[in-house]
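Report on the structure
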Amino acid sequence: MKAQAHYANPETIVYESATGAFGATTASKSYIGPKGRKGLVRDIEAFLTADAVGTTTVPEVTVGTAVGDATYARYRLGTAATVGLAAAASPQRARSLVSGNPTPPALNDYAGHVALETLLIPADTAFVITGKAGVGTPAGTGTHRVEIDWF
């Protein structure tokens, strides 16, 4: 018998993407969490096999209400808005980049670099995880994982 999930004992689900060229092309997938439970994005991990490149903006992983939307979480795969994350620097966790214990966990060394736990995913509502292409000569391949606690 499974224990009932609540804030002290959430059910954690990790959503993992297939390998893809999400640095150069946008790829997304829709999900619905466990029946009757609200979700909170705790972490996003990136595993790159080729450097993430975007000369205008870097590729990113978003969790939102539609393709490319970042209502629930965002991780921009770079060290600056136009400097992508090197494959040799991965795997990398968005949460490990956040210093201290801000609520919600965020890093704004450049606009929107890391944003976790921004809003609860409503119960019984579809959400979309997107590997969003960079802008301006985009490139990069790899996978990503999104960790969500369901209450």
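Quick summary incoming for the structure in this document.

Reading the values: the criteria
- Residues numbered from 1 in each chain as written.
- Predicted model: local features only at pLDDT ≥ 70, side-chain atom pairs only at ≥ 80, totals over all residues.
- Heavy atoms only, no water.
- Core = buried A, V, L, I, M, F, W, Y, C linked by side-chain atoms within 4.5 Å.
- Buried < 20%, exposed > 50% of the residue type's maximum accessible area, 1.4 Å probe, protein only.
- Helix = DSSP H or I, 4+ residues; strand = E, 2+ residues; numbered from the N terminus.
- Contact = heavy atoms within 4.5 Å.
- Pairing = 2+ DSSP bridges.
- Phe/Tyr/Trp six-rings, centres within 6.5 Å; stacked < 30°, edge-to-face > 60°.
- Salt bridge = Lys/Arg side-chain N within 4 Å of Asp/Glu carboxyl O.

Observations regarding the nonpolar core
- Ranked by size, the top nonpolar core spans 27 residues in total, and within it Val41, Ile44, Val63, Leu77 and Phe127 carry the most contacts.
- Breaking this core down by element, the ones donating at least two residues are β3 (39–53), β4 (60–64), β5 (73–76), β11 (126–132) and β12 (139–150).
- Take this core: its biggest share by element is 5 residues, from β3.
- Leucine 77 has contacts with Phe22, Ala46, Leu48, Ala52, Val58, Pro59, Glu60, Val61, Gly84, Leu85 and Tyr110, leaving out every residue within four places of it along the chain.

Thoughts on the sheet that holds β5
- Here 6 strands make up an open sheet; going across it, the order is β2-β11-β4-β5-β10-β9 and the pairing antiparallel. Strands with a single pairing partner mark the edges of an open sheet, and in this sheet they are β2 (27–32) and β9 (106–107).
- For β4 and β11, the ladder comprises 5 bridges, and the chain directions are antiparallel. By the bridge assignment, glycine 64 is partnered in β11 with valine 128.

Overview of unusual backbone geometry
- In the segment running from serine 90 into proline 91, the intervening peptide bond is cis, with an omega of 10°.
- In this model, threonine 103 is joined to proline 104 through a cis peptide bond whose omega is -5°.
- On the secondary structure map, proline 104 appears in the loop between β8 (92–93) and β9.
- Look at glutamate 117: it is not a glycine, yet its phi comes out positive at around 55°.

Let's talk about the sheet that holds β8
- If you walk across this open sheet you meet the 4 strands as β1-β12-β3-β8, and the pairing is antiparallel. Bordering the open sheet on either side are β1 (11–16) and β8, each of which pairs with just one other strand.
- When β1 meets β12, the two strands line up antiparallel, connected through 6 bridges. Bridge pairing in β12 places valine 14 opposite glutamate 147.

Topic: the packing of aromatic side chains
- Within the structure shown, the criterion is met by 4 aromatic pairs.
- Judged by centre distance (5.6 Å) and plane angle (85°), the ring pair of tyrosine 15 and phenylalanine 127 falls under edge-to-face. With tyrosine 15 in strand β1 and phenylalanine 127 in strand β11, this pair connects stretches of sequence that are 112 residues apart.
- Taking the relative accessible area as the measure of exposure, tyrosine 15 reaches 9% and is therefore buried.
- Each residue in the set Tyr15, Tyr31, Phe127 and Trp150 is aromatic and connected to the rest through ring pairs, giving one cluster.

Some points on the pattern of salt bridges
- The final tally for this structure, using the stated rule, is 11 salt bridges.
- Between arginine 37 and glutamate 11 there is a salt bridge whose closest N-O contact spans 2.2 Å. Of the two residues, arginine 37 is situated in the loop between β2 and β3 and glutamate 11 in strand β1; the sequence distance between them amounts to 26 residues.
- Arginine 37 gets classed as buried once you look at its relative accessible area, which sits at 17%.
- Since its relative accessible area comes to 18%, glutamate 11 is described here as buried.
- Several salt bridges converge on common partners, so that one network encompasses Glu16, Asp43, Glu45, Arg93, Arg145 and Glu147.

Any link to function would need more than the numbers given here.
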